[in-house]
Amino acid sequence: MTAEDVLRCEIPIKEMTFGIGMDDLEPLLKQLQERRREPDPFMSLPDVPIEKLDFNQIEGEEREDLLRGMRQSHLVDAFYEGTMRELEHDEVAEGFRVYYQQMRREWPDPEDVLWQLRMYVLGNAQPRPKVLRAALVVLAHFFERCDIFEAPPASWQPGLDMSA
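Below or above, wherever it landed, is the structure these notes cover. (Residues numbered from 1 in each chain as written. Predicted model: local features only at pLDDT ≥ 70, side-chain atom pairs only at ≥ 80, totals over all residues. Heavy atoms only, no water.)

Scanning the protein from N- to C-terminus turns up 8 helices and 0 strands. Secondary structure elements of the protein occur, N-terminal to C-terminal, as α-α-α-α-α-α-α-α. Split into buried and exposed, the 164 residues of the protein put 37% on the buried side. Counting only contacts in the protein whose residues sit at least 6 apart along the sequence, the fraction spanning at least 24 positions is 75%. Working note: accessible area of the protein is about 10,400 Å², and carbon and sulfur atoms make up 51% of it. (Helix = DSSP H or I, 4+ residues; strand = E, 2+ residues; numbered from the N terminus. Buried < 20%, exposed > 50% of the residue type's maximum accessible area, 1.4 Å probe, protein only. Contact = heavy atoms within 4.5 Å. Areas by Shrake-Rupley, 256 points an atom, 1.4 Å probe, with all protein chains shown as cover.)

Set out below in structure tokens:
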């Protein structure tokens, strides 16, 4: 019996390690690892409506990961603000938007899209825990800015099926 038999799903195995390919993201991840502290669980979240998580059907651990990352996403803004890196921030955001759109077409499940976005940042190798937590902050930052995942339309209400 294989692990795939037990889990009842295919385990994608790729021989080569790959990632975002942007050397510019490495200093950001390094700084986040150094500056990131355990967030205060009672600190208020940024102005991202929780409805965006609901609208995009982000639930469970993925939702918790994004919410934890949002508590630290101000560090990404601090990294880019007031430096020559501000233009780089827009370029990175555009890369996330384009990659997100591509993954959304290929993977209908939001959990799979987030998995692909993590690999976009980290590659497919298992990262150290600090690196993974830093990457989650980056993903939360671009989620908040609406570079990845859609904002619900003004007419959307939780529980209302807009596809009908």
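Moving on: the nonpolar core. Grouped together as the largest cluster of nonpolar side chains are 30 residues, with contacts concentrated most on L66, F96, L117, F143, I148 and F149. Contributing elements (two or more residues each) for this core: α4 (60-70), α5 (74-80), α6 (85-106), α7 (110-122) and α8 (129-144). Among the elements that make up this core, the one with the highest residue count is α8 (8 residues). The residues touching L117, leaving out its near neighbours within four places in the chain, are F96, Y99, Y100, L139, I148 and F149. (Core = buried A, V, L, I, M, F, W, Y, C linked by side-chain atoms within 4.5 Å.)

By the secondary structure assignment, A151 is in the segment after α8. Owing to a relative accessible area of 43%, A151 belongs among the partly exposed residues under this scheme. For the pair A151 and F55, spaced 96 residues apart in sequence, the C-alpha separation works out to 7.6 Å. When residues no more than four places from it in sequence are discounted, the contact partners of A151 are K52, F55 and C146.

Positive phi outside glycine occurs at C146, with the angle close to 65 degrees. With a phi angle near 70 degrees, F149 is a residue other than glycine that sits in the positive phi range. In this structure, F149 sits in the segment after α8.

A word on α7. An ideal rise of 1.5 Å per residue puts 18 Å on 13 residues; α7 measures up with 18 Å between its terminal C-alpha atoms. Considered for burial, the residues of α7 that qualify are P110, V113, L114, Q116, L117, M119, Y120, V121 and L122. Its side-chain oxygen placed 2.8 Å from the backbone nitrogen of E111, D109 serves as the N-cap of α7. At the exit of α7 stands G123, carrying a positive phi of roughly 80 degrees. (Expected span 1.5 Å × (residues − 1). Polar contact = N/O pair within 3.5 Å; in protein donor to acceptor, adjacent residues only side chain to side chain.)

All right, on to the packing of α4 against α8 then. A pair of packed helices can be characterised by two numbers: the angle between their axes and the separation between those axes. Two numbers describe how α4 lies on α8: the axes approach to 8 Å, and their chain directions differ by 85 degrees. In terms of axis orientation, α4 runs roughly perpendicular to α8. Residues D65, L66, G69 and M70 of α4 form the contact with α8, whose own contacting residues are L136, V137, L139, A140, F143 and E144. Residues belonging to the contact of α4 with α8 are distributed by class as follows: 7 nonpolar, 1 polar and 2 charged. (Axes fitted to C-alpha atoms, helices over the stretch in contact; angles between N-to-C directions. Parallel < 35°, antiparallel > 145°, perpendicular 65-115°, else oblique. Nonpolar A, V, L, I, M, F, W, Y, C, P; charged D, E, K, R; others polar.)

Let's shift gears to the pattern of salt bridges. Tallied over the full model, the rule gives 6 salt bridges. One salt bridge in this structure joins D65 and R118, with 2.5 Å as the shortest N-O distance. Separated by 53 residues along the polypeptide, D65 in helix α4 and R118 in helix α7 bring together distant segments of the chain. Judged by relative accessible area, which is 14%, D65 ranks as buried. Taken together, the shared-partner salt bridges connect E94, R97, R145 and D147 into one network. (Salt bridge = Lys/Arg side-chain N within 4 Å of Asp/Glu carboxyl O.)

Running from N to C, α7 and α8 cross one another at 115 degrees; their axes reach a closest spacing of 10 Å. The element α7 and its partner α8 pack so that their crossing is right-handed. Residues L117, R118, V121 and L122 of α7 form the contact with α8, whose participating residues are V131, L132, A135, L136 and L139. Looking at side-chain class alone, the contact of α7 with α8 contains 8 nonpolar, no polar and 1 charged residues. (Left-handed = near helix turned anticlockwise from the far one by under 90°.)

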